[in-house]
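Structural characterization, general
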Amino acid sequence: MVYDLINKIKTAFLEEPFVNTVTDGDIFQVDLAKRTLFPLSHIMINNATHQGNVIQFNVTILLMDIINQKDESNKNVIWNTQLALGVRVMDRLNRGDLRNDFWELTGTPNFEPFTERFENDLAGWALTFDVVVKNNITIC
């Protein structure tokens, strides 16, 4: 379930402009000093809740790029492009060509802007949402 969910999200982001790299897991294991990674989307599974025949996952995706040190006005460009990226992927996952019987987004995705959150000057959005996945684990 987790593997399929992460791969579906990775695929969705890699098919879009405004992203070079998609990673997952512990953000501190990603070499954020590599400038060639950016724009970067990073997937984190925050928790899972067992609800009978479904499992609800809470997911956060960091959508980020490097702020230009010589012209910090590109922070607004980063916020614009990364928000557009997140909205487009959420739309595709919820009701577009990536929707399937495997999962369903629930609730409303939340976008929280950030700047300078990590060691190199980054700006972007923390996108958090819930997704319900069919529990396909059989009971013996």
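Right above here is the structure, for reference.
All values derive from a computational prediction rather than experimental measurement.

Observations concerning the packing of aromatic side chains
All told, the structure shown has one aromatic pair when counted by the stated rule. Taking the centre distance of 6.3 Å and the plane angle of 85° together, the rings of Phe111 and Trp125 count as edge-to-face. Taken as a pair, Phe111 in strand β4 (residues 103–115) and Trp125 in strand β5 (residues 122–134) lie far apart in primary sequence, 14 residues in all.

Overview of the packing of helix α1 (residues 2–14) against helix α2 (residues 74–95)
Running from N to C, α1 and α2 cross one another at 125°; their axes reach a closest spacing of 10 Å. In terms of orientation, α1 lies oblique with respect to α2. Two packed elements cross with a definite hand, and for α1 against α2 that hand is right-handed. In this structure, α1 contributes Lys8, Ile9, Ala12 and Phe13 to the contact, and α2 contributes Leu85, Val89, Arg92 and Leu93. Its residues assigned to classes, the contact of α1 with α2 shows six nonpolar, no polar and two charged.

Comments concerning α1
The end-to-end C-alpha distance of α1, which contains 13 residues, comes to 18 Å, matching closely the 18 Å that a straight helix rising 1.5 Å per residue would cover. Of all the residues in α1, the buried ones are Leu5, Ile6, Ile9, Ala12 and Phe13. Along the axis of α1, the buried positions cluster into a sector of 125°, meaning they face one direction only. In α1, the exposed residues that point more than 90 degrees away from the buried face are Tyr3 and Leu14. The inward-facing, buried residues of α1 contact β1 (21–24), β2 (40–51), β3 (54–66), α2, β4 and β5.

Regarding the sheet that holds β3
Spatial strand order, β1-β2-β3-β5-β4: five strands in an open sheet with mixed pairing. This sheet does not close on itself; its edge strands, each paired only once, are β1 and β4. Shown here is a sheet whose adjacent strand axes are inclined to one another by a mean of 20°, direction ignored. Here β3 runs beside β5; their pairing, made up of 13 bridges, is antiparallel. When the sheet's bridge partners are listed, Thr60 is paired in β5 with Thr128. The sheet contacts of α2 involve β2, β3, β4 and β5, and relative to β4 the element is tilted by about 175°.

Points about the pairing of β4
With 10 bridges connecting them, β4 and β5 associate as antiparallel partners. Within β5, the position partnered with Pro113 by the bridge is Trp125. In this structure, the hairpin formed by β4 and β5 is closed by a connection of six residues, where Glu116 is found at a positive phi of approximately 50°.

So, the environment of Gln51
Along the chain, Gln51 turns up in strand β2. For the pair formed by Gln51 and Asp26, sequence separation is 25 residues and the distance between their alpha carbons is 26 Å. A polar side-chain atom of Gln51 sits 3.4 Å from a polar atom in the side chain of Gln56.

Conventions and cut-offs
- Residues numbered from 1 in each chain as written.
- Predicted model: local features only at pLDDT ≥ 70, side-chain atom pairs only at ≥ 80, totals over all residues.
- Heavy atoms only, no water.
- Phe/Tyr/Trp six-rings, centres within 6.5 Å; stacked < 30°, edge-to-face > 60°.
- Helix = DSSP H or I, 4+ residues; strand = E, 2+ residues; numbered from the N terminus.
- Axes fitted to C-alpha atoms, helices over the stretch in contact; angles between N-to-C directions.
- Parallel < 35°, antiparallel > 145°, perpendicular 65-115°, else oblique.
- Left-handed = near helix turned anticlockwise from the far one by under 90°.
- Contact = heavy atoms within 4.5 Å.
- Nonpolar A, V, L, I, M, F, W, Y, C, P; charged D, E, K, R; others polar.
- Expected span 1.5 Å × (residues − 1).
- Buried < 20%, exposed > 50% of the residue type's maximum accessible area, 1.4 Å probe, protein only.
- Arc of directions from axis to C-beta.
- Pairing = 2+ DSSP bridges.
- Polar contact = N/O pair within 3.5 Å; in protein donor to acceptor, adjacent residues only side chain to side chain.

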